[in-house]
Amino acid sequence: MRFKKELDYVHLSKYFYIFSITLTILGIIFLAMFNLNYSVDFKAGSNVDVSLSKNLTVDQIRTAIGNIGTDHEPNITPGTQRLTIRYDEELTSQQDAALKSAISKLDDKASFEVNTVDTEMAKELARNAIYAVLISCLGIIVYVSIRFEWRFAIAAIVALVHDAFMVVAVFSIFRLEVDLTFIVAVLTIIGYSINDTIVIFDRIRENLRFGKQKTYDDLKNLVNKSVSQTIMRSLYTAFTVFIAAFFLLVLGGESIKMFSLAMVIGLLFGAYSSIFIASPLWLLLKKNQKPKGKPAKA
Amino acid sequence: MKRLLSFIITVLVLAAVMAVSTPGLLDRVRLGLDLKGGFEILYQAQPTEQGQALTRASLLQTAASLEKRANVLGTSEPEVTTEGTDRIRLKIAGVTNEAEVREKMKEPAVLTFRSAAPGDAEGTYSKVELVGSDFVENAATIGRDNLNQIEISIKVKDKQKFAEITKRLLGQHLAIYLDDTKLSDPQVRAELTDGTASISGNYTIEEARNLADTINLGALPLKLTEKYSQSVGATLGKQSLNQTVQAGLIGSVFILIFMIGMYRIPGLIASFALILHTWLLILVFVFADFTLTLPGIAAFILGIGMAVDANIITNERIREEMRSGKSIMSSVKAGSKSSFRTVMDSNVTTIIVAAVMFAFGTGSVKGFALVLIVEILLSIFTNLYFARWLLNMLVKAGKLSKPKQFGVKESEISAL
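Structural notes, computed from the coordinates. (Residues numbered from 1 in each chain as written. Chains lettered and ligands numbered in written order. Predicted model: local features only at pLDDT ≥ 70, side-chain atom pairs only at ≥ 80, totals over all residues. Heavy atoms only, no water.)

**Brief notes about the overall build of chain B**
Move 1: Per the secondary structure count, chain B includes ten helices and 13 strands.
Move 2: A principal-axis box enclosing the C-alpha atoms of chain B has dimensions of 110 × 40 × 35 Å.
Move 3: For chain B, contacts bridging at least 24 residues in sequence account for 72% of all contacts bridging at least 6.
Move 4: Taking the average place of the 44 positive charges on the side chains of chain B and the average place of its 40 negative ones, the gap between the two points comes to 14 Å. (Helix = DSSP H or I, 4+ residues; strand = E, 2+ residues; numbered from the N terminus. Contact = heavy atoms within 4.5 Å. Lys, Arg positive; Asp, Glu negative; His and termini not counted. Charge placed at Lys NZ, Arg CZ, Asp CG, Glu CD.)

**Some thoughts on the pattern of salt bridges**
Residues and elements named next belong to chain B.
Move 1: Scanning all chains against the criterion turns up 22 salt bridges over all chains.
Move 2: Notably, a salt bridge pairs Glu83 with Arg89, separated by 2.6 Å at the nearest N-O pair.
Move 3: For Arg89, a relative accessible area of 5% corresponds to the buried category.
Move 4: Here Glu321 ties to Arg317 by a salt bridge, and the two come within 3.8 Å at their closest N and O atoms. Remark: Arg317 and Glu321 occur in helix 8 (residues 294-323); sequence separation between them is four residues, near one turn of the helix. (Salt bridge = Lys/Arg side-chain N within 4 Å of Asp/Glu carboxyl O. Buried < 20%, exposed > 50% of the residue type's maximum accessible area, 1.4 Å probe, protein only.)

**Details of a positive patch on the surface**
Residues and elements named next belong to chain B.
Move 1: Residues Lys2, Arg3, Lys333 and Lys396 make up a contiguous surface patch of positive charge.
Move 2: By the secondary structure assignment, Lys2 is in helix 1 (residues 2-28).
Move 3: Here Lys2 falls in the exposed class, since its relative accessible area comes to 75%. (Patch = residues over 30% accessible without salt bridge, like charges linked within 9 Å, V, L, I, M, F, W, Y side chains within 5 Å. Areas by Shrake-Rupley, 256 points an atom, 1.4 Å probe, with all protein chains shown as cover.)

**A few points about the interface of chain A and chain B**
Move 1: Contacts between chain A and chain B engage 70 residues on the former and 65 residues on the latter.
Move 2: Of the roughly 5900 Å² buried at the junction of chain A and chain B (both faces included), carbon and sulfur atoms supply 61%.
Move 3: The interface formed by chain A and chain B contains six salt bridges.
Move 4: When the shortest N-O distance is used, the salt bridge between Arg147 of chain A and Asp345 of chain B registers 2.6 Å.
Move 5: Applying the counting rule to chain A against chain B returns 17 residue pairs in polar contact (both at pLDDT 80 or more).
Move 6: When contributions to the side of chain A that touches chain B are tallied by element, the ones reaching two or more residues are strand 2 (45-51), helix 4 (93-106), strand 5 (111-117), helix 5 (119-147), helix 7 (180-208), helix 8 (216-251) and helix 9 (257-287) of chain A. (Buried area = accessible area lost by both parts, 1.4 Å probe. Polar contact = N/O pair within 3.5 Å; in protein donor to acceptor, adjacent residues only side chain to side chain.)

**With respect to the sheet that holds strand 7 (residues 141-144) of chain B**
Hydrogen bonds along the backbone pair up the strands of a sheet, which may run parallel or antiparallel.
All names here are of chain B.
Move 1: On the basis of which strands lie adjacent, the open sheet formed by three strands has the order 7-8-11 and antiparallel pairing. The sheet terminates laterally at strand 7 and strand 11 (196-200), the two strands that pair on one side only. Adjacent strand axes in the sheet meet at a mean angle of 35 degrees when their direction is disregarded.
Move 2: Judged from the four bridges that link them, strand 7 and strand 8 (residues 150-155) form a sheet pairing that is antiparallel. Directly across from Arg144, in strand 8, lies its bridge partner Ile150. (Pairing = 2+ DSSP bridges. Axes fitted to C-alpha atoms, helices over the stretch in contact; angles between N-to-C directions.)

See the structure below:
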């Protein structure tokens, strides 16, 4: 399992840039038009998750909970022995109790998970999430700039933001529900996908020490060499975390499904962007750095 | 030989300690509400009267009163914590009559002393003379009066104010209300200057005690509104726990198989380090008394995937050195050394993000971030230092002398 031949990653990256830019534009369009499918964590209201011991139809449920005294019609999503009921208003504890007893009459083994969030709180959660993303990025820029140089920091951040945005875009395009755990997933991806990038950058930095790179071609070869030296590591590390996230997605508890899904998507984009976005981008930035005081290529 | 022996002893002793202690440790891990069922409410506190200040002391007092309320209602291990300057988080597990408990907790239960205002019907009083915050906290005590009747006495903070009121209302009624329920409407017979108001009547001890409790509980210094609530049925919680743990185990087994298949002996060592890492993490959870939540388990499992990184980076580097023709001894040395920096850099960046999550997160996000941070720190110890130490012992003992044991084919090695 080794790549004998060094691929021209820098050259290939042109196509991947096109791919990423297209997806980004698509993501922006979808976000602008449809926004995200927010869960109660961000939109105030109540979310009731019911685990049933038998299958009930939506109509049965709707009839049963029709008279608990809410202003809004609930949005009911059935699943196998599972049910999600969403209200755009916050259930009072009486309504909450009425709903539970109504469903318990249909299925006495029903088990509930009810989440209620007040609007103000929801806004605060969303605001904190955005701050968290921004401050994380800032922290990484500072750290990478100190340990490496600013060009690496910029390239790393672009790759990071790319990964985070791709997850947001995919969630927007497929109308997947965004809850608090989604934010956690995005932050984790930011923290994690930088790992891959750092591994490659470390190698570039190391290789830079061997000999002088006088021309663009020298630099390009250096990037290609560094990527091919580290690609298996990148793929393996991404793969192992992917395994963990994948099993969480397939077998894990219902309430972390979206978290796991976001992680899986983010990990894939993270591995991809480290190889095809971050390193070529660094090269692009480096290329424009004119050799200091040195005459051009003789 | 000595090195091999210490390698074997280290591994065996650790394995034995882990095997023996794990079941006990697992039982002692404190589970979050999302895993064992229960409910959690985040309250926003406001002063009971407009214009009053919200102090740290009153917030703590409110939290303490809430905890007491929960205890009086017979719930097990209520957990009340303050958050920020004006929030209180309440967690109660294993409640059967959730609706009732929630209702009781939220009830402001404001204790007021009222007098009759013009236009009030006979026996009703609407002019508020004293409010809950005018009474000393936990002020209600039961005793007996001169006629040996049971009497509940309540202390007032401001003696003078109470004296003025009783002077003004001499001969009239001063009714005692809990919310809108009239508890009693005694007639003021004298100006009361000692700052104690008494309620006496035909109460049994039981009734009097309940009343005193209610008054004390009611003396919440702050008004509470529910901002966020989550309730999880016990069955659903258990189901999530089982599913997620199962997912984690399967995922971990796959990772271990991958490591051993890929890196052979060093992979085996890495797997051992990973298991040690997980065991230590559980140890930290038990001793630091962390609560394990669903996102916490997710962080746990992801952390295993991430901890593997350190090993992959190190082992890949060692293999690379071997392929370039170096001896095994110097490959291990060089590989460990140059991979160390990479691993540290990548871990520090993840810690930065986790620290930000911890700072900005609430509830479960904080828990997730905390697990992640602890995990990374542990992983640096187990998967960087410990695994490397084990590997070095084997190499120095001469037990690792063939490239095959590292998963490197002879044909891949280029001559120097």
